[in-house]
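A structural walkthrough
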Amino acid sequence: SPLQEGIYFHSKLERDSSAYMEQLRLNLVGDLDEIALRKAIAILIQRHDALRTAFVDDKNGRPLQVVLKNRGVDFQQLDISDLSPANQEEVIAAFLAKDYAHKFDLSTDLLIRVTLFKKDSFNCCLILTHYHIIMDGFCSRIIMDELRYAYQCLVDKVDVRLPPAPQYAEY
């Protein structure tokens, strides 16, 4: 799309810019099944072409969007339950700043990173960092709804039955 071409152009022009980095922080309360969460994220990455996309230049220097057949999950889990609540927030804030500064390589990186902070046995903080070229705010809501649904299905040990995802080529 022209919007993606513009983002790609600016990303190449200003490699140190964080203009297109986005972070979503979710505070999760309850008994979290980390394995089910990781599997639910993997399901969404496999389900949505945009989440498996890389951007490269073709031999003429024109941007080319490549949807990879498979991508792993960039999922990191950190246990900070031994810290006080104030120190936990400091650690999360420092992580957010460092993660935001860690730029994506559009040609090689999975363009979404997921980090889970375990604060105690019933409180976690989930951070989703992604590059705007693959997902905007409207899409984020859809992804979050599907993540919640897939996670609950996995916890309940029932099949994850989502309607077919729109094909990325249709955009």
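In case you missed it, the structure is sitting above this.
Residues numbered from 1 in each chain as written. Predicted model: local features only at pLDDT ≥ 70, side-chain atom pairs only at ≥ 80, totals over all residues. Heavy atoms only, no water.

1. Thoughts on unusual backbone geometry
What counts, and what does not: Per the convention used, a helix needs a DSSP run of H or I reaching at least four residues, while a strand needs a run of E reaching at least two, with both numbered from the N terminus. In this scheme, a residue with accessible area under 20% of its type's maximum is buried, one over 50% is exposed, and one in between is partly exposed, where area comes from a 1.4 Å probe on protein chains only.
The residue Lys 157 is not glycine, and still its phi comes out positive at about 60 degrees. Mapped onto the secondary structure, Lys 157 falls in the segment after helix H4 (137-156). Judged by relative accessible area, which is 74%, Lys 157 ranks as exposed.

2. Re the state of the cysteines
The test is simple: Note on terminology: pairs of cysteine sulfur atoms within 2.5 Å are recorded as disulfides.
Using the criterion set out here, one finds 0 disulfides in the structure. Of the cysteine sulfurs around Cys 125, a residue in no disulfide, the closest is that of Cys 124, at 8.7 Å.

3. Side note on the pairing of strand E4 (residues 75-79)
For the record, the criterion: A pair of strands is labelled paired if DSSP reports no fewer than 2 bridges between them. Here, the term right-handed applies to a crossover whose path from the first strand over the helix to the second runs clockwise when the strands point away from the viewer.
One ladder, built from 5 bridges, connects E4 with strand E5 (residues 112-120); its direction is parallel. Residue pairing in the sheet places Asp 79 in a bridge with Lys 118 of E5. Remark: the E4/helix H3 (residues 85-101)/E5 crossover connection has right-handed handedness.

4. Things to note about the packing of aromatic side chains
Note on aromatic pairs: each is described by the distance of the centres and the angle between the planes. For the record, the criterion: Stacked, edge-to-face and tilted labels apply to pairs of Phe, Tyr and Trp rings (six-membered ring for Trp) whose centres lie within 6.5 Å, assigned for plane angles under 30 degrees, over 60, and everything in between, in that order.
Enumeration according to the criterion identifies 2 aromatic pairs in this entry. With a centroid separation of 5.1 Å and an interplanar angle of 75 degrees, the aromatic rings of Phe 95 and Phe 117 are classed as edge-to-face. Of this pair, Phe 95 sits in helix H3 while Phe 117 sits in strand E5, placing them 22 residues apart in sequence. Side by side, Phe 95 and Phe 117 carry an identical accessibility label, which is buried. Judged by centre distance (6.0 Å) and plane angle (75 degrees), the ring pair of Phe 104 and Tyr 131 falls under edge-to-face.

5. Describing H3
Filter applied, for reference: To estimate the expected span of a helix, count its residues, drop one, and scale the result by 1.5 Å. Taken from the helix axis, the directions to the C-beta atoms give the arc we talk about. Contacts were defined at the residue level, with two residues in contact if any of their heavy atoms lie within 4.5 Å.
Its 17 residues place the ends of H3 24 Å apart at the C-alpha level, agreeing with the 24 Å of an ideal helix rising 1.5 Å per residue. Restricting attention to buried positions, one finds in H3 the residues Gln 88, Ile 92, Phe 95, Leu 96 and Asp 99. Along the axis of H3, the buried residues cluster in a sector spanning 105 degrees; they form a single face. Of the exposed residues in H3, the ones pointing more than 90 degrees away from its buried face are Glu 90, Ala 97 and Lys 98. Buried residues along H3 sit in contact with strand E1 (21-29), E4, E5 and strand E6 (123-131).

6. What about the pairing of strand E2 (residues 53-57)?
For E2 and strand E3 (residues 63-67), the ladder comprises 5 bridges, and the chain directions are antiparallel. The residue bridging Ala 54 from the neighbouring strand is Val 66, located in E3. Between E2 and E3, which follow one another and run antiparallel, lie 5 residues, and Gly 61 among them has a positive phi close to 85 degrees.

These figures capture arrangement, not role.
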